[in-house]
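# Coordinate inspection notes
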Amino acid sequence: MQIENQSVTPSIGLGCVTFGREVDDLMAFGLMDHAYSKGIRFFDTASSYSAGGSEIIIGKWLKLNSSIAPDMTIATKISPPYSAGSIRASVKKSLNNLGVSSLDLVLFHDWDNSIKDPEVLETIDNLTRTGFIKIAGCSNFTAAQLKYALLKQDSAGYSRFKYIQNLHNYAVSMVDDQLIKVCNRYNVKLIIYSPLGAGFLTGKHKKQVVLGSRFDLVPAHRRIYFNDSAGHRLDILLDTARIHQLKPEDLGMAWVMNQPSISIVLVGARNFQHIDQAFSSLNDRTCNALKVM
């Protein structure tokens with residue numbers, strides 16, 4: 001895929017979907033401390049993650065680290081279906097969970113036809129203008145869906161979405177040339193999640209699903225990745241990694257980090273090594289291997 005936009009390496013953000021599910025409070029605090037020490041200033045969560053548990057854990061960490069909390073950007077999400085009432089209730093819940101007076105970035109979690117209700121975009125704009133939300137955006141939208149929302153915002157005089165967060169990795173992607181064109185035209189920054197396909201690109205699920213893994217805990221991943229197309233891409237990655245004596249996860253992460261259209265790459269972590277690996281993946285060896293992929 002040919003992607004043109006920025007010419008800089010994307011920033012790394014911490015994906016916090018595992019907090020309160022696979023990762024308890026104590027480990028999550030350690031991961032956030034480690035992420036901060038590595039220069040990560042962007043944490044991503046959602047009101048639906050662990051029924052608000054992820055936000056609550058981040059909120060506790062922000063309170064314990066009040067001196068550095070202003071340096072952080074916390075992104076959260078609203079779940080569909082959307083209405084003026086549900087949006088306000090979700091924002092209020094997230095404010096309480098995170099213990100903040102204003103949400104840094106709020107994303108519509110998925111496309112839903114309820115977004116066509118004029119009150120939906122009006123409510124987000126009102127919450128932004130009154131300071132409860134600093135910036136709004138969307139997640140898991142196609143190029144056409146993103147453009148629809150942006151044009152509606154423009155016609156009504158509302159603030160535009162400034163970020164979109166989509167699935168993107170070497171095997172499966174919701175980022176195509178059309179989406180990049182829309183982002184470029186309307187100055188929408190791209191955040192990508194699941195750069196290693198929830199572990200798929202490590203090759204560890206080639207024979208069977210590993211017990212205790214995300215594919216085991218969240219079976220929906222299997223529908224996304226267990227198909228001929230993703231399997232073929234995985235084989236290319238594994239073969240290339242073997243030839244160049246690289247770990248597949250390093251090569252998969254390097255592929256994403258080498259895409260200049262991306263502003264932020266979200267890395268999910270259950271241990272410190274997952275964070276460190278994201279920083280060490282882009283090097284001369286992986287870059288040379290990428291040239292033949």
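Everything here concerns the structure above.
This section reports on the structure supplied with the text.

The rules we used
- Residues numbered from 1 in each chain as written.
- Predicted model: local features only at pLDDT ≥ 70, side-chain atom pairs only at ≥ 80, totals over all residues.
- Heavy atoms only, no water.
- Pairing = 2+ DSSP bridges.
- Helix = DSSP H or I, 4+ residues; strand = E, 2+ residues; numbered from the N terminus.
- Axes fitted to C-alpha atoms, helices over the stretch in contact; angles between N-to-C directions.
- Contact = heavy atoms within 4.5 Å.
- Buried < 20%, exposed > 50% of the residue type's maximum accessible area, 1.4 Å probe, protein only.
- Core = buried A, V, L, I, M, F, W, Y, C linked by side-chain atoms within 4.5 Å.

### Here's the deal with the sheet that holds strand 8 (residues 264-268)
- If you walk around this closed barrel you meet the eight strands as 1-2-3-4-5-6-7-8, and the pairing is parallel. In this sheet, adjacent strand axes meet at a mean angle of 30° when their direction is disregarded.
- Those strands touched by helix 3 (residues 84-98) are strand 3 (73-78), strand 4 (103-108) and strand 5 (133-139), and its axis lies near 145° from that of strand 3.

### Points about helix 10 (residues 248-257)
- Summarising burial for helix 10: nine of the 10 residues are buried, a large majority.
- When we look at burial in helix 10, the residues that qualify are P248, D250, L251, G252, M253, A254, W255, V256 and M257.
- Turning to helix 10, the residues buried within the fold contact strand 1 (11-15), strand 7 (189-193), helix 9 (228-243), strand 8, helix 11 (272-280) and helix 12 (284-290).

### A word on the nonpolar core
- Ranked by size, the top nonpolar core spans 84 residues in total, and within it L14, F19, M32, F43, F108 and F161 carry the most contacts.
- Top contributing element to this core by residue count: helix 10, with six residues.
- Setting aside its immediate chain neighbours within four residues, F161 contacts F108, L121, A136, G137, C138, F141, L146, A149, L150, Q153 and V188.
- Counting residues in each nonpolar core, the second largest holds eight residues, with A75, L105, I191 and L266 among its members.

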